[in-house]
Amino acid sequence: MDKSQLKKKVDFLEKFRKLKSKDKLSVVKTCSNDDIHTICECYYNLVKGGLKIKNSNKVKSKLNPIRLQVRKLADPKVSVSTKRKLLSQPQVGNGIFATLATIASAVIPLIISAATSK
């Protein structure tokens, strides 16, 4: 992955993180497949344990009621259309987006360091 793709991911996460919660569900319906992959990649890193974040117990407790859906989002074998449908559901999407700011704050520096190291 080149620097422009990494920058695009960082920009999307920053813009998405700043949206109001009610707007996030509608944006998911219209955003690109790459943007859906970017969101799901954050949760892949969380589920697989490759991501160290502050308040991880708090994040995991928020995601516990929707843990099966989070696992589907983190699964690279699940289609983008299925992930988009999951993120569009208010119960799942609001839970995911409530924790995305915390996860993104840990993921963005990793993406930036990966871009600068190459």
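Above this text is the structure in question.
Quick caveat: nothing in here was measured; it's all calculated off a predicted structure. (Residues numbered from 1 in each chain as written. Predicted model: local features only at pLDDT ≥ 70, side-chain atom pairs only at ≥ 80, totals over all residues. Heavy atoms only, no water.)

### Digging into the side chain of S88
Here S88 shows up in helix 6 (residues 80-88). A polar contact of 2.8 Å, which involves the side chain of S88, links it to the backbone oxygen of R84. Residues contacting S88, with those up to four places away along its chain left out, are L25, V28 and K29. (Helix = DSSP H or I, 4+ residues; strand = E, 2+ residues; numbered from the N terminus. Polar contact = N/O pair within 3.5 Å; in protein donor to acceptor, adjacent residues only side chain to side chain. Contact = heavy atoms within 4.5 Å.)

### Focus: the nonpolar core
One finds Y43, L63, L87, I96, F97 and I103 to be the most contacted residues of the largest nonpolar core, which totals 33 residues. Only helix 1 (3-18), helix 2 (21-30), helix 3 (33-47), helix 4 (56-63), helix 5 (67-74), helix 6 and helix 7 (90-117) provide two or more residues apiece to this core. No other element matches helix 7, which puts 10 residues into this core. If sequence neighbours within four positions are ignored, L63 has contacts with Y43, L46, V70, G95, I96 and T99. (Core = buried A, V, L, I, M, F, W, Y, C linked by side-chain atoms within 4.5 Å. Buried < 20%, exposed > 50% of the residue type's maximum accessible area, 1.4 Å probe, protein only.)

### Section: helix 3
The end-to-end C-alpha distance of helix 3, which contains 15 residues, comes to 21 Å, matching closely the 21 Å that a straight helix rising 1.5 Å per residue would cover. Those residues of helix 3 not exposed but buried are D35, I36, T38, I39, C40, C42, Y43 and L46. G49 sits one or two residues past helix 3 and shows a positive phi near 80 degrees. (Expected span 1.5 Å × (residues − 1).)

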